[in-house]
Amino acid sequence: MTASERRIRDLLIAEQVRIDGRATKLERDIAALTSARRSSVDDDEHDPDGEPLSARWSLLAGLLESARDDARQSAEALRRLEAGRYGACAACGEPIPIGQLEVRPFRERCVACTP
Ligand SMILES: [Zn+2]
């Protein structure tokens, strides 16, 4: 493994720790919100700030889904790295510039091929 691959691996692992923390916090928030909804039978659609709980719940659920998606992509990037297939664009096959990978280490496509 080259020095830059090792650096990318460290970035990916740090990224996974961050994503895990984010997902865990969101799961906790969703659980708290779910029990808040259950306990406020009379006014189950509004919290004191006036924001509907269902809207808040949808927002958190969406964020959790995206955190899980990031976790999946990050795990796949680590597998590609271990297999020596990391850093090639999934669309055009060209090597993705290291600067782009450092910004977004689990990127699967180069900037030009990203829709
Ligand atoms: Zn490409």
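In what follows, the structure referred to is the one given above.
For every chain, the first residue of the written sequence is number 1, and numbering continues from 1 along that sequence. This being a predicted model, a pLDDT of at least 70 is required before a residue's local features are given, and a value of 80 or more before pairs of side-chain atoms are given or counted; all residues contribute to the totals for chains, interfaces and linings. Excluded from the side-chain calculation are hydrogens and water; included are all heavy atoms of the structure.

Student: Explain the nonpolar core to me, and be specific about the residues and the numbers.
Tutor: Ranked by internal contacts, the top residues of the largest apolar core, which has 20 residues, are Ile-8, Leu-12, Leu-81 and Tyr-86. Starting at the N terminus, helices and strands are each numbered in turn, a helix being any DSSP run of H or I of at least four residues and a strand any DSSP run of E of at least two. Elements that contribute at least two residues to this core include exactly α1 (3-39) and α2 (53-82). Among all residues touching Leu-81, those that are not within four sequence positions of it are Met-1, Glu-5, Ile-8, Arg-9, Leu-12 and Tyr-86. We call a set of buried residues a nonpolar core when its members are Ala, Val, Leu, Ile, Met, Phe, Trp, Tyr or Cys and they connect through side-chain atoms within 4.5 Å of each other. Residue exposure (1.4 Å probe, protein chains only): buried if accessible area is under 20% of the type maximum, exposed if over 50%, otherwise partly exposed. A contact between two residues is defined here by any heavy atoms of the two lying within 4.5 Å.

Student: Could you give me a rundown of the coordination of the zinc ion, with the residues and numbers involved?
Tutor: Octahedral metals with six donors have ideal donor angles of 90 or 180 degrees. Tetrahedral metals with four donors have an ideal donor angle of 109.5 degrees. On the protein side, the zinc ion has Cys-89 (SG), Cys-92 (SG), Cys-110 (SG) and Cys-113 (SG) as donor atoms, found 2.3 to 2.4 Å from it. Metal donors: N, O and S atoms at distances within 2.8 Å, or within 3.2 Å for Na, K and Ca, with water omitted from the atom set so that some sites may seem incomplete. The sequence pattern formed by the donor residues of the zinc ion is C-x2-C-x17-C-x2-C. Here Cys-92, found in the loop between α2 and α3 (98-103), pairs with Cys-113, found in the segment after α3; they are 21 residues apart in sequence, far enough to count as distant. Taking relative accessible area as the criterion, Cys-92 reaches 38% and is therefore assigned partly exposed. By relative accessible area, Cys-113 is classed as partly exposed at 24%.

Student: Lay out the pattern of salt bridges in plain terms, naming residues and giving numbers.
Tutor: Here a salt bridge means any side-chain nitrogen of Lys or Arg lying within 4 Å of a carboxyl oxygen belonging to Asp or Glu. Enumeration over the complete set of coordinates arrives at eight salt bridges. Close ionic contact of Asp-69 with Arg-72 constitutes a salt bridge, the shortest N to O distance being 2.9 Å. Remark: Arg-72 and Asp-69 occur in helix α2; sequence separation between them is three residues, near one turn of the helix. Under the relative-accessibility criterion, Asp-69 is labelled partly exposed at 33%. The class of Arg-72 is partly exposed, set by a relative accessible area of 41%.

Student: Go over the environment of Phe-106, please, and point to the residues and values.
Tutor: Within the secondary structure, Phe-106 is located in the segment after α3. The spacing of Phe-106 and Arg-72 is 34 residues in sequence and 9.6 Å in space, taken between C-alpha atoms. Contacts of Phe-106, omitting those with residues within four sequence positions, involve Leu-12, Glu-15, Ile-19, Asp-70, Gln-73, Ser-74, Ala-77 and Arg-80.

Student: Describe the side chain of Gln-73, and please don't skip the residues or the numbers.
Tutor: Relative to the helices and strands, Gln-73 resides in helix α2. Discounting chain neighbours no more than four positions away, the residues touching Gln-73 are Arg-104 and Phe-106.

Student: Give me the lowdown on α1, citing residues and values where you can.
Tutor: Every helix has an expected span of 1.5 Å times one less than the residues it contains. Its 37 residues place the ends of α1 54 Å apart at the C-alpha level, agreeing with the 54 Å of an ideal helix rising 1.5 Å per residue. Within α1, the full set of buried residues consists of Ile-8, Leu-12, Glu-15, Ile-19, Ala-23, Leu-26, Ile-30 and Leu-33. Those residues of α1 that are buried are in contact with α2 and α3.

By themselves, these figures tell us nothing about what the structure is for.
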